[in-house]
Amino acid sequence: MSRFLRTGIVLAISLTLIAGCSEPQTRDSVVVAIPTDPDGFHPHHSVAAASAEIAFNIYEGLVKAAPDGSIVPALAEEWSVSADGLEYTFTLRRGVKFHNGREMTPDDVVYCLSRLFDPEVTSKAADFAGVKGIRAQGDRIIITLHRPDAAFLALLTEFGAVIYPPENEENLSTQPVGTGPFVLTDWQPNDQLTLVKFEQYWNPELPRLKQVILKIIPEPAAMVNSLFTGHVDLIPRLEPDYLHQVEGKDGFAVLAAPMNLVQLLIINNAVAPFDDLRVRQAMNYAVNREEIIQGAAWGKGTPIGSNLSPAMDIWYTDLTDMYPYDPQRAKELLAEAGYPDGFSATLHLPAPYPLHRGAGEILADQLARVGIDLKIRVIEWGAWLEQIYTNRDFELTVVGFTGRLDPHTMLNRYQSDSRRNTSNFSNAEYDELLDQGLLEADPAKRVEIYRRLQTILAREAVNIFIMDPNQLAVMPEKLKGWRNYPVYVLDLAALEWEK
Amino acid sequence: MMYLLKKLFGMLATLAVVSILTFFTLFVLPGDPALLILGTEADPGALELVRAQLGLDRPVIVQYASWLGGVVRGDFGRSLTFSRGYAVADLIAAALPVTLPLAAMAIFLAMAVAIPLGTLAASRRGKTADKIILGFSQAGLSIPAFWLGILAIQFFAVRLGWFPPGGMPRWSADPLGALNSLILPALILALPRAAILTRIVRTAMLEILKEDYIRTARGKGLPETAVILKHGLSNALVSVSTVAGIQLIQLVAGTVVVEQVFSLPGLGRLILSAVLLRDLPLVQGTIFVGAAIILAVNFLLDSLYPILDPRIRGVQ
């Protein structure tokens, strides 16, 4: 063996050893890949989904969301609602400890929620405009409302409504202190976050792991590579474009479930020719959703016909057959509307979302077949939010609306005067019905109202509702306890390695 | 001394211009930081509150003045993206131990390759060795770094497992691991610089080898190696060092791409995410520090000229 070759082999072996040393993996910890940093952990100031999904493991509110979308006890053991729907009484769980070692008191709950309800303190107060007051009575918390609000309890499951010790208010953004199963012990921005098991968590069964490291890896390709080399154990949200690399790979499991996101082509209903119902209907007839789901999401998605995902369970009504794929009918409607030769328009696609860009490209191709010629313009996210979302200076765009637990918060953006009404939709019947939905106490009647609201959106062909893409979670088969939610959270507490 | 003072003054003036340009460019660009923070749930009341919390409701001039006032006191303000939880200075301080060694390794690798290869090519001008070296240099210039980076990760990290596929442990926690995760990105970053520098060294050497004093050196019977190394290379290095300084600027730009591909928590990635999120104080701070580093390197090179080249010393 030549000396050169020998040196090479020694070098290779030592480098391999160095690489091996940096692997932190043991049986009671897991490394999770996330694409971006959270925007801080102060429940009243942080608004990024990336924060809320991690905060789910650090903090808790009175109630929280369960994997099936129901609302379950957290810091409140139980609750009741008065017959008129105006008074909510929560009984607090006893002996709950904060991460700083102190026991949680009813005063802490009143402090945190009073701040949440105060529009001077947080932008999140807008959701709670109907709250009249909050007070503690023994170990009970009583919240009164100005008028019945059927969506109220669901809002209390969100990140903004968590309870923290007031003495830690100052540094909560970077050093969160909650009552959740994990404690954030270290955060290196642009690099990683370390969560460590909270030994005094009120539920002694959880969490199962001692440590979770959240590694920030912006490139999806790098996430997949790190999974294969064992530097990462779990990719909670895989870009569908990378599915083929992991699907069928030995020892790895891909768990797909609806993510409760409404992907849609937003139509600006206020500008010609889209102010004509027939044009919007024609566009809906021209679209083949299955083809988009295959082409943009590799088959991992559920077609939708209105602004709710099937993940919303009882609230959802299937309207996908209102406009079956029928290019001929589309051409007829276009001719009726005065566009026998079609027309051209601009389609803006948000740069950071490959799924929306992919869907938009396929949509443009499908619409071209009925004579609608779309010029695609890819636009940076900051510019999208300003030009399209806020100023509504656009014709067509593709984006996704994140699902909430209650249908009201998903559907109220279509109310005529809503500032989030990007489609410029306006319908008196819809506006009135939406208000009724909040006041209705009878669950069955409420379901009926939200089904009618979805039907109006579909009938008026407000947008082209495309799909609820699946959330694709990838992990080694030996990692158990993954739970999928219809809200944007990452539940790390039940994860454990198979013995 | 006057020479250095003049340079120092120019450097400060450049920094001031850079800071004004970045500040106002970000205001002209579409994209509102408050809107980016609130996303598709934004409503006017919430926007107003967030703008006020971020201090964005003040006039641009006032914002710039308050920023500049802070910088003079060494305070770059707080980043908007982490609910104002992190000081810009701390974020930059955490990123520098990634980017500076990366850039230093890359420029060192580039020089270590370029100087011998360029000298060899010049001394074998027109012969096979020269042609091969020029061919490699052409290839090195044409291959995009991000593509080569992805291939290198696939082969050396995923297939062979020699290097981690991305990320980097902290120096204090695992110095060997940290060094190891910088090797591949430094190589990728060095390649195009090495390719250019090889050509520069070769050209500079060819110029110098035509000079009279080289003929004199050869005439007095010095061995060819001594002529090339002692009389040729040492003189060629003056012009090479200038180009190396310019290369360093491109290197800093290159780290943006390479740090993204290799998921390294460095300055380049910090700049990119700051720009995308319209995190004004962070963009200002990172660009300011980046510019300051480049200017400092140039200043160092400028102060080296008098040592490398006695003629500049004479001018003073």
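Treat the numbers as computed from the prediction; the structure is a model and nothing was measured.

Brief notes about the overall build of chain A
A count of helical and extended segments in chain A gives 14 helices and 19 strands. Looking at chain A residue by residue over its 499 residues, the buried ones come to 47%. Considering only residue pairs separated by 6 or more positions, chain A has 70% of its internal contacts joining residues 24 or more positions apart.

What about the overall build of chain B?
Looking only at helices and strands, chain B features 13 helices and 0 strands. When the helices and strands of chain B are read in sequence order from the N terminus, they spell out α-α-α-α-α-α-α-α-α-α-α-α-α. When its C-alpha atoms are laid out on the principal axes, chain B stretches across 85 × 55 × 35 Å. Across the 316 residues of chain B, 41% fall into the buried class. The contacts of chain B with a sequence gap of at least 6 include a subset with a gap of at least 24, amounting to 69%.

Some points on the domain arrangement of chain A
Residue and element names in this part refer to chain A. Domain annotation of chain A identifies domain 1 (29-42 + 49-57 + 174-258 + 471-497), domain 2 (63-169) and domain 3 (261-469). With 15 residues of domain 1 at the contact, the number on the domain 2 side is 18 residues. Split by residue class, the side of domain 1 that touches domain 2 holds 10 nonpolar, 4 polar and 1 charged.

Some thoughts on the sheet that holds strand β8 (residues 182-188) of chain A
Residues and elements named next belong to chain A. Strands sit in the order β1-β10-β9-β8 across an open sheet of 4 strands; the sheet is mixed. At either margin of the open sheet sits one strand with a lone partner, and together these are β1 (29-34) and β8. On average, adjacent strands in this sheet sit at an angle of 20° to one another, irrespective of strand direction. Pairing of β1 with strand β10 (residues 211-216), which is carried by 6 bridges, proceeds in the parallel orientation. When the bridges of β10 are listed, Ser29 appears paired with Gln211.

Brief notes about unusual backbone geometry
Residue and element names in this part refer to chain A. In this structure, the amide linkage connecting Leu206 to the following residue, Pro207, adopts the cis form with an omega of -10°. Mapped onto the fold, Pro207 is located in the loop between β9 (192-197) and β10. For Asn190, which is not glycine, the phi torsion reads 70° and is therefore positive. Among the residues examined, Asn190 registers 22 C-beta atoms within 10 Å and is labelled buried.

Some words on helix α9 (residues 327-336) of chain A
Residue and element names in this part refer to chain A. Turning to α9, its buried residues number three or more, namely Ala330, Lys331, Leu333 and Leu334. Angularly, the buried residues of α9 cover 165° about the axis, an arc narrow enough to put them on a single face. Where the residues of α9 are buried, they touch α7 (277-285). Downstream of α9 by one or two residues, Gly338 has phi in the positive range, about 95°.

So, the interface of chain B and chain A
Contacts between the two partners involve 48 residues from chain B and, on the opposite side, 46 residues from chain A. For the side of chain B that touches chain A, the secondary structure elements donating two or more residues are α2 (33-38), α3 (44-54), α5 (88-123), α7 (145-159), α8 (175-209), α10 (224-261) and α11 (267-276) of chain B. When residues of the side of chain B that touches chain A are assigned to their parent elements, the largest contribution, 5 residues, is made by α3(B). The residue makeup of the side of chain B that touches chain A, split by class, is 27 nonpolar, 14 polar and 7 charged.

Description of the pairing of strand β6 (residues 131-137) of chain A
Residue and element names in this part refer to chain A. In the sheet, β6 pairs with strand β7 (residues 140-145) via 6 bridges, with the strands oriented antiparallel. Among the inter-strand pairings, Gly133 is bridged to a residue of β7, identified as Thr144. The hairpin turn running from β6 into β7, its antiparallel successor, is 2 residues long, and Gly138 in that turn takes a positive phi close to 65°.

Brief notes about the environment of B:Ile271
Along the chain, B:Ile271 turns up in helix α11. Sequence separation of B:Ile271 and B:Lys210 is 61 residues, and the distance between their C-alpha atoms is 46 Å.

Side note on the nonpolar core
Core analysis: the biggest nonpolar cluster contains 137 residues, and A:Leu265, A:Ala282, A:Leu363, A:Ile466, B:Ala106 and B:Ala110 have the highest contact counts within it. Residue contributions to this core peak at 16 residues, all from α5(B). The residues touching A:Leu363, leaving out its near neighbours within four places in the chain, are A:Leu265, A:Val287, A:Ile292 and A:Val398.

Notes on the confidence of the model for chain B
Mean pLDDT for chain B: 83, with 93% of residues reaching 70 or above. Per-element confidence in chain B is highest for α5(B), whose mean pLDDT is 90, and lowest for helix α13 (residues 310-315) of chain B, whose mean pLDDT is 60.

Side note on helix α3 (residues 106-116) of chain A
Residue and element names in this part refer to chain A. Looking only at α3, the buried set comprises Asp108, Val109, Cys112, Leu113 and Leu116. Viewed end-on, α3 has its buried residues packed into an arc of 115°, placing them on one side of the element. Residues of α3 that are buried make contact with β5 (87-92), β6 and β7.

Digging into the pairing of strand β12 (residues 261-267) of chain A
All names here are of chain A. Of all 7 residues in β12, 7 are buried; the element is thus mostly enclosed. The two faces of β12 match: Leu261, Gln263, Leu265 and Ile267 on one face and Val262, Leu264 and Ile266 on the other face are all buried. Bridging between β12 and strand β16 (residues 396-402) involves 7 bridges; their strand directions are antiparallel. For Val262, the partnering residue across the bridge sits in β16 and is Phe401. With 3 bridges connecting them, β12 and strand β17 (residues 464-476) associate as antiparallel partners. When the sheet's bridge partners are listed, Leu264 is paired in β17 with Phe465.

Looking at the packing of helix α9 (residues 212-219) of chain B against α10(B)
Residues and elements named next belong to chain B. Running from N to C, α9 and α10 cross one another at 150°; their axes reach a closest spacing of 10 Å. As summarised for this structure, α9 and α10 are arranged roughly antiparallel, according to the angle between their axes. Between α9 and α10 lies a crossing whose hand is right-handed. Of the residues in α10, those in contact with Tyr213, Ile214, Ala217 and Arg218 of α9 are Val227, His231 and Gly232. Among the residues making up the contact of α9 with α10, the classes are represented as 4 nonpolar, 2 polar and 1 charged.

Things to note about the confidence of the model for chain A
Confidence along chain A averages 90 in pLDDT terms, with 95% of residues attaining 70 or more. In the predicted structure, residues 16-25 of chain A sits below a pLDDT of 50 and forms 24 contacts with residues beyond four places in sequence or in another chain.

Let's talk about the environment of B:Gln53
In this structure, B:Gln53 sits in helix α3. Placed 19 residues apart in sequence, B:Gln53 and B:Ala34 show a C-alpha to C-alpha distance of 9.4 Å.

Some details on the sheet that holds strand β4 (residues 76-81) of chain A
All names here are of chain A. Overall, antiparallel pairing links the 4 strands, which are arranged β4-β5-β7-β6 in an open sheet. Looking along the sheet, the strands with just one partner apiece sit at the ends: β4 and β6. Taken over all neighbouring pairs, the strand axes of this sheet differ in orientation by 15° on average, direction set aside. As defined by bridge partners, β5 adjoins β7 across 5 bridges and the pair is classed as antiparallel. Following the sheet pairing, Thr89 is matched in β7 by Ile142. The sheet strands contacting α3 are β5, β6 and β7, and the helix crosses β6 at an angle near 165°.

Calculation notes
Residues numbered from 1 in each chain as written. Chains lettered and ligands numbered in written order. Predicted model: local features only at pLDDT ≥ 70, side-chain atom pairs only at ≥ 80, totals over all residues. Helix = DSSP H or I, 4+ residues; strand = E, 2+ residues; numbered from the N terminus. Buried ≥ 20, exposed ≤ 12 C-beta atoms within 10 Å, placed from the backbone. Contact = placed C-beta atoms within 7 Å. Domains from an automatic or database assignment. Nonpolar A, V, L, I, M, F, W, Y, C, P; charged D, E, K, R; others polar. Pairing = 2+ DSSP bridges. Axes fitted to C-alpha atoms, helices over the stretch in contact; angles between N-to-C directions. Arc of directions from axis to C-beta. Core = buried A, V, L, I, M, F, W, Y, C linked by C-beta atoms within 7 Å. pLDDT = per-residue confidence, 0-100. Parallel < 35°, antiparallel > 145°, perpendicular 65-115°, else oblique. Left-handed = near helix turned anticlockwise from the far one by under 90°.

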